[in-house]
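One letter stands for each residue in the lines below.
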Amino acid sequence: MGNVLTIILQRLALGALTLLIVSIVIFVAVNLLPGDFAQNILGQGATPEAVASIRKDLGLDQPPVTRYFDWLGGVLRGDLGSSFAQANFASFTGTDSGAKTVADQIAPRFANTMFLAMVTAIIAVPLSITLGVLAALYRNSVFDRAANITTLSSISSPEFFLAYILILFLAVLNPILPSLSNIYDGMAFSERLQKSLLPALTLTLVVTAHMMRMTRAAIINLLASPYIEMARLKGLSPMRVIVKHALPNALAPIINVIALNLAYLITGVVVVEVVFVYPGIGQLFVDSVKIRDIPVVQACCLIFAAAYILLNLTADIMSILSNPRLRHPK
């Protein structure tokens, strides 16, 4: 148990260091974006004095190092800063209404993205494992070849192409599901689920291939093991051999690939959310890049990075806990 705890603490420390390095990369990359927020908000006819005044109000006149440490300190305190767009809207209108902080803007959008990821995972994970088990059971059969061709075709196609194909067949030619996912607060769960189903199906097509093929490969790799041969000699059915004996011992690689694909569901939904106009964090990220709202862009990138690192750490830890050879290294 002590070895496991030491390994977990090492992984957590490495994850924190990785996130710190990523935060530097995010800050530098976002601040290298072309254009200037103050210039964009005032237009080309703005005087230099007016631009300088807005830059001073927003803190953009400070040195980059100072702004980075101010931003990092705020993040560590749970303060993601204030949205440039919302703050300037309030200053121009003379009102104090509306969400001005980045956290206020991101919280409902992140909840929507998590809902979409949850719906996709509920569909994709059982489907992928089932297809992987059946493909391993009937390997080199027509079913195996058809499953591989279908999943490889879906993963090789861009997300927006799959999205438009699904819109064509499920929303235009056969109006079963709505083509736009215009969800809002207070919507009934059934209606929210219906409007989220088409983007969830798109993401399912994207992530199923990885998980299905890893499940198939991991199980086939174990079928030549002595204990599998012993189970067969006992007269167990092929399905029982795979489900009861092979699948539990193949969990480590399967958990890894599932965690990586769940990370994609949170960090890679930008294109899908834009196509379906889904009000998630990906759509907010694109809108904020358009108007150079630097605090929101930085916060979205940091959340994407943190989610990816956290799910990778979770995969590592679960792989360690599911593998006795990793729990008790010699």
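Below or above, wherever it landed, is the structure these notes cover. (Residues numbered from 1 in each chain as written. Predicted model: local features only at pLDDT ≥ 70, side-chain atom pairs only at ≥ 80, totals over all residues. Heavy atoms only, no water.)

1. Quick look at the overall build of the protein
Secondary structure summary: the protein contains 16 helices and 0 strands in total. Buried residues in the protein amount to 42% of all 330 residues. If you take every contact in the protein between residues at least 6 apart in sequence, the share linking residues at least 24 apart comes to 72%. Working note: accessible area of the protein is about 17,300 Å², and carbon and sulfur atoms make up 68% of it. (Helix = DSSP H or I, 4+ residues; strand = E, 2+ residues; numbered from the N terminus. Buried < 20%, exposed > 50% of the residue type's maximum accessible area, 1.4 Å probe, protein only. Contact = heavy atoms within 4.5 Å. Areas by Shrake-Rupley, 256 points an atom, 1.4 Å probe, with all protein chains shown as cover.)

2. Looking at the nonpolar core
The tendency in soluble globular proteins is for nonpolar side chains to be buried as a group. Residues L198, L203, V207, M211, I219, L265 and F276 are the most contacted members of the largest nonpolar core, which totals 49 residues. Sorting elements by how many residues they give to this core places helix α6 (residues 102-137) first, with 10 residues. The residues touching F276, leaving out its near neighbours within four places in the chain, are A163, I167, S179, L180, S181, L198, P199 and T202. Membership of the second largest hydrophobic core comes to 27 residues, among which are L284, V297, A299 and A305. (Core = buried A, V, L, I, M, F, W, Y, C linked by side-chain atoms within 4.5 Å.)

3. Section: α6
Between its first and last C-alpha atoms α6 spans 50 Å; for 36 residues at 1.5 Å apiece the expected length is 52 Å, and the two agree. The largest bend along α6 measures about 25 degrees and falls at A121. (Expected span 1.5 Å × (residues − 1). Bend = angle between axes of the 7 residues up to and from the residue.)

4. Here's the deal with the packing of aromatic side chains
Scanning the model with the defined rule gives 6 aromatic pairs in all. With a centroid separation of 5.3 Å and 70 degrees between ring planes, the pair formed by Y68 and F69 is classed as edge-to-face. Through successive ring pairs, a cluster of aromatic residues spans F27, Y68, F69 and W71. Lying across the ring of F115, R192 places its NZ or CZ 5.7 Å from the centre. (Phe/Tyr/Trp six-rings, centres within 6.5 Å; stacked < 30°, edge-to-face > 60°. Lys NZ or Arg CZ within 6 Å of the ring centre and 35° of its normal.)

5. Observations regarding helix α4 (residues 64-76)
Relative to the 18 Å expected for 13 residues at 1.5 Å per residue, α4 spans 18 Å between its end C-alpha atoms, a close match to the ideal helical length. The complete set of buried residues in α4 reads R67, Y68, W71, L72 and G74. End-on, the buried residues of α4 take up no more than an arc of 160 degrees, which puts them together on one face. Facing away from the buried side of α4, by more than 90 degrees, are the exposed residues V65, F69, D70 and L76. A positive backbone phi angle near 90 degrees is found at G78, which sits one or two residues after α4. (Arc of directions from axis to C-beta.)

6. Observations regarding a nonpolar patch on the surface
A surface patch of nonpolar side chains, amounting to about 840 Å² of accessible area, comprises F160, F161, Y164, I165, L168, F169, V172, L173 and V271. The element best represented in the nonpolar patch is helix α8 (residues 159-172), accounting for 7 residues. Mapping L173 onto the fold places it in the loop between α8 and α9 (189-222). (Patch = residues over 30% accessible without salt bridge, like charges linked within 9 Å, V, L, I, M, F, W, Y side chains within 5 Å. Salt bridge = Lys/Arg side-chain N within 4 Å of Asp/Glu carboxyl O.)

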